[in-house]
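Structural overview for review
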Amino acid sequence: MFHMLYKEDWEETKRIFEEWWDGVLGRPLIQVVYPKDEGLPWIDSCAFLHYYPNVEEALEKLFQQFSRIVFGKEAYPNVWMNLGPGSLAAYLGAEIKFDPRSNTSWFLGDFSLKDLEDKEFDPENKWWRYTCQAYETAREMCRGKAIIGFTDLLDAVTVTGQLRGNFPTNLLRDMFTKRERVKRVFERIHDLLFEYYEESCRIINVQENGYSTWAGIWSAKRHFVLQCDFMVYLSPRMFREFIFPLILEECEYFNRTIWHLDGPLELPHLDSLLSIEDLDCIQWIPGAGNPDSGEECWVPLYRKIQDKGKLLQIFVPPEKVTKILKRITPKGVAIRTACASSTEARKLIKEIEEKF
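**Overview of the layout of surface pockets**
The space that makes up the second largest pocket amounts to roughly 210 Å³. As for the second largest pocket, its lining consists of 19 residues, and the residues nearest its centre are Gly144, Ala146, Ile147, Glu208 and Asn209. Elements with a minimum of two residues in the lining of the second largest pocket: helix H1 (10-21), helix H6 (126-141), strand E6 (147-149) and helix H10 (206-209). At 3 residues, H1 tops the list of elements feeding residues into the lining of the second largest pocket. Considered class by class, the residues forming the lining of the second largest pocket number 10 nonpolar, 3 polar and 6 charged.

Written out as structure tokens, the structure is:
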């Protein structure tokens, strides 16, 4: 049986992920990371920007961090090739502004709608070449050690807003004044998203690696996290007109999908999302300043999602995991948490195994 250096029970873990996706896992999927010594586990999610352009150094730093962490239950070492949310914008000509102090990236574009209508796949773009280098190097260095996570291409609409510049104002104005042209641009950027994804699959070698993203949910079948940060600026009517058709196309293209529901401002569009039969899972992120995902106030939301037959992914503090699982249907839930010590983690895992 194959053993991964930082995750010895990887073959069994893959089987559990497949059962979770198929809706036959009779318990919640639980991902617990904790340090081998004391202190909170830490993984540099921006290693490929901190050490740019030295891919090997970024990977070695990540391996050092993995070696100090225990990946409990269904957690696994995930080498996420992260340039920030919207790497597709960089591949299409936007500049990346990265602040290492806050680990935040911005994508700065200044393109006209005409420019965007004519965009083509650019194999010579410096950020795409860097991504390819990272994927190719990781494909060799991660073998037997870790899984490669896809870069966050984001979505065609938000990427268009980034490329237009003055986000979100320029694109919002376009949507009211140049409606049909904007739709054509969205379709073009959407096609390019699929093209960059396909090429990423080839370079990563998904037959060996499988599919993983920043969300840390592994799949043997074609998978991606869907999202649209831009939709918080739109009414339900405009969402249905401009964005909903793109989501339907994505759900048809990908075998398995998670929707990244990012904060209360996206909730007006939840009913539309839940109506999509091929959308598999909702990931809930409350957003800064709001109660965390383990709080009672979100239970009605979780039940609504589950009542529609969707899988649910949430990120919960360790002390609230069992409490929230008691308030919803444990089956079909994926919970990620981080413990500060092996004692805390083992206690939590034992509790979950006994009760669920």
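**Quick look at empty space enclosed by the protein**
As enumerated under the stated definition, the model contains 2 cavities of 30 Å³ or more in all. If you add up the space inside the largest cavity, you get close to 60 Å³. For the largest cavity, the full set of lining residues is Asp155, Ala156, Val157, His190, Gln227, Cys228, Ile243, Leu246, Ile247, Glu250 and Trp259. Secondary structure elements with two or more residues in the lining of the largest cavity: helix H7 (156-164) and helix H11 (236-253). Examining the composition of the lining of the largest cavity, we find that 4 residues originate from one element, H11, more than from any other. For the lining of the largest cavity, the per-class residue count stands at 7 nonpolar, 2 polar and 2 charged. In this structure, the second largest cavity encloses a volume near 40 Å³. What lines the second largest cavity is simply Leu154, Asp155, Leu193, Phe224, Val225, Leu226, Gln227, Glu250 and Phe254.

**Brief notes about the pairing of strand E7 (residues 223-226)**
The alternating pattern of E7 places His223 and Val225 and Phe224 and Leu226 on opposite faces, both of which are buried. Taken together, E7, H11 and strand E8 (residues 256-262) form a β-α-β motif whose crossover is right-handed.

**Quick word on the pairing of strand E9 (residues 281-285)**
The element E9 is extensively covered by neighbouring structure, given that 4 of its 5 residues are classed as buried. As paired strands, E8 and E9 are joined by 5 bridges and run parallel to one another. In the sheet register, Trp259 faces E9, and the bridge partner there is Ile282. In the sheet, E9 pairs with strand E10 (residues 311-315) via 4 bridges, with the strands oriented parallel. Across the sheet, residue Trp284 finds its bridge partner in E10, namely Ile314.

**Brief notes about H7**
For H7, a buried count of 9 out of 9 residues is recorded, marking the element as mostly surrounded by other parts of the structure. By the burial criterion, the buried members of H7 are Ala156, Val157, Thr158, Val159, Thr160, Gly161, Gln162, Leu163 and Arg164. Buried residues belonging to H7 abut helix H4 (87-91), strand E5 (104-108), helix H5 (113-117), helix H8 (169-177), helix H9 (179-204) and H11. A positive backbone phi angle near 85 degrees is found at Gly165, which sits one or two residues after H7.

**As for the packing of aromatic side chains**
The way to describe two aromatic rings as a pair is by their centre distance and the angle between their planes. Using the criterion set out here, one finds 32 aromatic pairs in the structure. Their ring planes at 65 degrees and their centres at 5.8 Å tell us that Tyr6 and Phe66 sit as a pair that is edge-to-face. With a gap of 60 residues between them, Tyr6 in the segment before H1 and Phe66 in helix H3 (residues 55-67) connect regions that are remote in the sequence. On the basis of relative accessibility, which here comes to 16%, the residue Tyr6 falls in the buried class. According to the relative accessible area criterion, Phe66 is buried, its value standing at 1%. Members of the aromatic cluster, joined through ring pairs, are Phe150, Phe194, Tyr197, Tyr211, Phe224, Tyr253 and Phe254. Here the guanidinium or amino end of Arg222 rests over the ring plane of Tyr253, the centre of that ring lying 4.8 Å away.

About the criteria used
Residues numbered from 1 in each chain as written. Predicted model: local features only at pLDDT ≥ 70, side-chain atom pairs only at ≥ 80, totals over all residues. Heavy atoms only, no water. 1 Å grid on protein atoms, 1.4 Å probe; cavity = no way out; pocket = protein on both sides within 12 Å on 5 of 7 lines; lining within 4 Å. Points joined across faces, edges and corners; volume = space filled by probe spheres on them. Helix = DSSP H or I, 4+ residues; strand = E, 2+ residues; numbered from the N terminus. Nonpolar A, V, L, I, M, F, W, Y, C, P; charged D, E, K, R; others polar. Buried < 20%, exposed > 50% of the residue type's maximum accessible area, 1.4 Å probe, protein only. Right-handed = clockwise from strand over helix to strand, strands pointing away. Pairing = 2+ DSSP bridges. Contact = heavy atoms within 4.5 Å. Phe/Tyr/Trp six-rings, centres within 6.5 Å; stacked < 30°, edge-to-face > 60°. Lys NZ or Arg CZ within 6 Å of the ring centre and 35° of its normal.

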